[in-house]
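Chain by chain, the residues run as shown.
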Amino acid sequence: MAKAKRKFVCQQCGTVSGRWQGQCDDCGEWNSIVEEAAETVFSARHDLQTGGRAISLIGLDSDVRLPDRTSTGIAEFDRALGGGIVSGSATLIGGDPGIGKSTLLLQAAARIAARGLPVAYISGEEAADQVRLRARRLGLGTAPVQLASATSVRDILTTLGEGEPPALLVIDSIQTMHSDLIEGAPGTVSQVRASAQELIRFAKQRGTALVMVGHVTKDGSIAGPRVLEHMVDTVLSFEGERSHQYRILRAIKNRFGGTDEIGVFAMVAEGLEEVANPSALFLTHRDESVTGATVFPALEGTRPVLVEIQALVVRLSSGATPRRAVVGWDSGRLAMVLAVLEARCGLSFSTCEVYLNVAGGYRLSDPAADLAVAAALMSALAERPVPADVVLFGEIALSGEIRPVAHAPLRLRESAKLGFNRAYVPAAAADGVKGISVSGYRALSQLVDQMLGRG
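Everything in this summary refers to the structure shown in the same document. (Residues numbered from 1 in each chain as written. Predicted model: local features only at pLDDT ≥ 70, side-chain atom pairs only at ≥ 80, totals over all residues. Heavy atoms only, no water.)

1. A look at the pattern of salt bridges
Next, step 1: In the structure shown here, the tally under the stated rule is 13 salt bridges.
Next, step 2: The shortest N-O distance in the salt bridge between Arg411 and Asp366 comes to 3.1 Å. Of the two residues, Arg411 is situated in helix H10 (residues 408-417) and Asp366 in the loop between strand S18 (352-358) and helix H9 (370-382); the sequence distance between them amounts to 45 residues. Asp366 shares its class with Arg411; the two are buried.
Next, step 3: Of the charged contacts, one joins Asp389 and Arg422 as a salt bridge, the two residues approaching to 3.0 Å between their closest N and O atoms. One end of the pair, Asp389, is in the loop between H9 and strand S19 (390-392); the other, Arg422, is in strand S22 (residues 422-426), with 33 residues separating them in the sequence. (Salt bridge = Lys/Arg side-chain N within 4 Å of Asp/Glu carboxyl O. Helix = DSSP H or I, 4+ residues; strand = E, 2+ residues; numbered from the N terminus. Buried < 20%, exposed > 50% of the residue type's maximum accessible area, 1.4 Å probe, protein only.)

2. With respect to the sheet that holds strand S3 (residues 33-36)
Next, step 1: Taken together, three strands build an open sheet; the order of strands is S2-S1-S3 and the sheet is antiparallel. Because the sheet does not close on itself, it has two edges, and the strands there are strand S2 (16-17) and S3.
Next, step 2: Looking at chain direction, strand S1 (residues 7-10) and S2 are connected through two bridges and run antiparallel. Residue pairing in the sheet places Val9 in a bridge with Val16 of S2. (Pairing = 2+ DSSP bridges.)

3. Here we look at the state of the cysteines
Next, step 1: The tally for this structure, following the rule as stated, stands at zero disulfides.
Next, step 2: For Cys24, which is in no disulfide, the shortest distance to another cysteine sulfur is to Cys13 and amounts to 3.7 Å. (Disulfide = S-S within 2.5 Å.)

4. Let's talk about the packing of helix H8 (residues 331-345) against H9
Next, step 1: At their nearest, the axes of H8 and H9 sit 10 Å apart, and the two run at 60° to each other. As judged from the angle between their axes, H8 and H9 are oblique. When the axes of H8 and H9 are compared, the crossing they make is right-handed. In contact with Arg333, Leu334, Met336, Val337, Leu338 and Leu341 of H8, H9 contributes Asp370, Val373, Ala374, Leu377 and Met378.
Next, step 2: Its residues assigned to classes, the contact of H8 with H9 comprises nine nonpolar, no polar and two charged. (Axes fitted to C-alpha atoms, helices over the stretch in contact; angles between N-to-C directions. Parallel < 35°, antiparallel > 145°, perpendicular 65-115°, else oblique. Left-handed = near helix turned anticlockwise from the far one by under 90°. Contact = heavy atoms within 4.5 Å. Nonpolar A, V, L, I, M, F, W, Y, C, P; charged D, E, K, R; others polar.)

5. What to know about the nonpolar core
Next, step 1: With 69 residues, the main nonpolar core has Phe296, Leu341, Leu364, Leu377 and Leu444 as its most contacted residues.
Next, step 2: For this core, the element with the most residues is H9, which contributes 10 residues.
Next, step 3: Split by domain, the residues of this core number at least three in each of domain 2 (67-275) and domain 3 (279-450).
Next, step 4: Residues within four places of Leu341 in sequence aside, it is in contact with Gly346, Leu347, Phe349, Ala374, Leu377, Met378, Leu444 and Val448.
Next, step 5: One finds Phe77, Leu104, Leu168 and Ala251 within the second-largest nonpolar core, a separate group that totals 31 residues. (Core = buried A, V, L, I, M, F, W, Y, C linked by side-chain atoms within 4.5 Å. Domains from an automatic or database assignment.)

Here is the structure:
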């Protein structure tokens, strides 16, 4: 019998090598390579074109029944999932420690169980009494949720296979599970992969909706092998800062819906509370105009969210190196907007420190925010406030042209609904919406001339 080869696996990226080394060549992490038991090597010595089982092939035009969905009873959670949890699906939810993953899933499990559906909550990190105490703090102590504290996948599946399969199975968390068929401690690449595979197989065969909690690394990505995200149907990211009240549940991958919807929550004493109007979280209520502050109607899926962009420009003495600091936006895009303002509009920021912040801890990736950022920078530099009843959106090209963006009428309608009377937008989107006055601009220099009073 051939001697089994030794295998060393990086616990961060899953790279396999034949020898141990201090640093992984692929991801650059130190002391992350661990020796694991070699897997059984299958040598295909026979012709694989015969001896198999014939599979059925169907056409793309065949009728397909839409998957059954179960509402979680939390509208914002259902929105991020695409309308509810699909029976037989596997969902992975990740987020920073203490962000509210277990709280959200416990609330959803309690609401589903209250409708008479069987729900099982398996905690591998906390004792059952700890989960029960948290449920009482949330006012869910009487919910008919079947609770257990276990880490053995064999024990969990044996228990669940004895009776009626649950409609929802929550595993908190997948990094604490282990399979006795694989050598290695819980949390290693092979254990996470094998445990998730067995749980997903059970969910597919029995029609159970599986939700697994995943740990995250220091850079915010889900820990463990990347293949884990490929194995599941839906990957959700729970975002937010501990210093801020709000939480955002964002879909990164969804085989049963879109990835452009978000769910917005607020952390209160009774747990996570849905936020029907997210714009109220990110807008600063002020009675008078302030220099360097503009309002941008961002779009998350089909939901407009109005956020405030704040800029501060500080003039420095000659010879000092100016600083650029950004919170909530791409620093590279800020550098591009500053370059366009200087090259195309005649504004100089070379001797100024520039600070940009998106209020409320919100993170923007929409290029339509270019115009609102540029207006905030101009306002801060010239110390001329933008009127408080104005919203701005538009993408800025390197030529200084203001390009149109998607869903302009939807952004305008939401702005009008929240009491804004005017909008500065690209010329192509200047048709307007009832209740709001729209001004269209073809070039950024036109807006600069208007704001600075240049004739």
